[in-house]
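Next come the chains, spelled out residue by residue.
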Amino acid sequence: MPDRIRALLRRRDFGRTYLAISISELGDAFQYIALMWFALEAGGPLGVIAVRLADSVPALLFGLHGGLAADRWDRRRTMIAADLVRAAVLIPVAVMGLRGDLPLGVLVAAAFVLTAAASYFAPAYGALLPALVERGNVQAANGLVRATADALSVTGWALAALLLAFVPLSAFFLLNAISFVASAALLAGVTARRAVVHEEPPHIAEGFAALRPLPMLAAAVGVLAVTVTISSGTWIVGVPELVRSDLGRGAAAFSVVAAGYALGSIIAGIVLVRIDVRRKALGSILAWIAYLPGYALADSVGIALAAAVVVGLGQGAAWVLVNSAAQEQIPDRLLGRVVGLIALVHRGAHATGLLLVAPLFAVAEPQVVFAAAALAIPATAVAGVLIAGRRAAAAPAAA
């Protein structure tokens, strides 16, 4: 495995892109702590929900156009522009925080713009990746980036606690702005360019049409939308409530469980660097079955931690494999729109989860909601496989 990682990082363009993403992911970890804390102080729990929605809704609004932009514009320049927009937004937020005047409305607006910019960065990066590492290496590259991003998130949260002894919390916004500028500078040195030039302007509908002859990949994208809606709605609100009300523990126990999820996702990324999955779309769907044992009833912090590791492993593997399947199978001229659709359903499902699933915890016990999700998520995966199989069997007959 170290040899494969070294081989990837020796590719100059991928090495620069990997470093750019890693730096900005570490900055995001610092920013997350500051954003959530300031939101809590400014608006209480409702303030946190408002910021989380503002952090998710732009994916629904701009996801498809972000994919279209990745196929219409220069992908490297789109990534650089997204980084610079995010840096520009964070600087005044940091200044207002240092002055002690950071209202909830500013936090909501900043979260909205940050995710809107990310909705252009993610498809451009996903569509550019095959040019950076070649299509046969996209799974290993995605696994490496996923594992590194999750590891840096946990590291950033730990470092944030240490840095707060020396710097004010609002300085974390400035640190992330600097990380985006550094990312843009690194990406400016990437030389990979697109191989396809469109004779006519691309259209969003062509991205959906590209999935039609690939029923398993189409099913994987659909399953991703439903399962992330269920899992995010239960995780964001349900896990803190489960730890507090059912396990009788506090924030420290919740932090341990959250770290377990990150650990599972890191393990998934590392494994997928080493082991190449041949049927990636099918593997992405089946990875969601991990939620059956992962969302099983927990009666102790230890069991909840183990469950979080399993859940993180399942979702991390599903994300890596569905993106890798698209990057291997979709032509370059259409890849941005398909990757943009994947980014839309993944990030946008956080918003739908908060709106549709999270309210269930107000009327039902956490264990009941988790038990229902433990059945619904694997059932969605099985249904996706069956539907894709029927479509694949019907295609030769129709032909």
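Conventions adopted
- Residues numbered from 1 in each chain as written.
- Predicted model: local features only at pLDDT ≥ 70, side-chain atom pairs only at ≥ 80, totals over all residues.
- Heavy atoms only, no water.
- Core = buried A, V, L, I, M, F, W, Y, C linked by side-chain atoms within 4.5 Å.
- Buried < 20%, exposed > 50% of the residue type's maximum accessible area, 1.4 Å probe, protein only.
- Helix = DSSP H or I, 4+ residues; strand = E, 2+ residues; numbered from the N terminus.
- Contact = heavy atoms within 4.5 Å.
- Salt bridge = Lys/Arg side-chain N within 4 Å of Asp/Glu carboxyl O.
- pLDDT = per-residue confidence, 0-100.

Peer 1: Give a description of the nonpolar core that names residues and reports values.
Peer 2: Counting residues in each nonpolar core, the largest one holds 57 residues, and the members touching the most others are L217, W288, Y295 and I330. Sorting the residues of this core by element identifies α8 (204-211), α9 (215-246), α10 (251-274), α11 (280-286), α13 (301-329), α14 (332-356) and α15 (366-398) as the ones contributing at least two each. Top contributing element to this core by residue count: α9, with 13 residues. With sequence-adjacent residues up to four places away left out, W288 is seen in contact with V223, L224, T227, V228, S231, Q315, A318, I377, P378 and A381. Grouped together as the second largest cluster of nonpolar side chains are 28 residues, A20, Y125, A140 and A141 included.

Peer 1: Can you lay out the pattern of salt bridges for me, pointing to particular residues and giving the numbers?
Peer 2: Counting across every chain of the model gives eleven salt bridges. Among the ionic pairs, D332 bridges to R75, the shortest N-O distance being 2.9 Å. Linking D332 in helix α14 with R75 in helix α4 (residues 75-98), this pair joins segments that are 257 residues apart in sequence. Residue classification places D332 among the buried residues on the basis of a relative accessible area of 18%. Classification of R75 by relative accessible area gives buried; the value is 2%.

Peer 1: Can you explain the confidence of the model for the protein? Please cite residues and give values.
Peer 2: Put simply, the protein has an average pLDDT of 88, and 94% of its residues get 70 or more. Here helix α1 (residues 2-9) stands out as the least confident element of the protein, with mean pLDDT 83; α11 is the most confident, with 97.

Peer 1: Explain the side chain of D150 to me, using residue names and the numbers behind them.
Peer 2: When you line up the elements, D150 lands in helix α6 (residues 138-163). Overall, the relative accessible area of 14% leaves D150 in the buried class.

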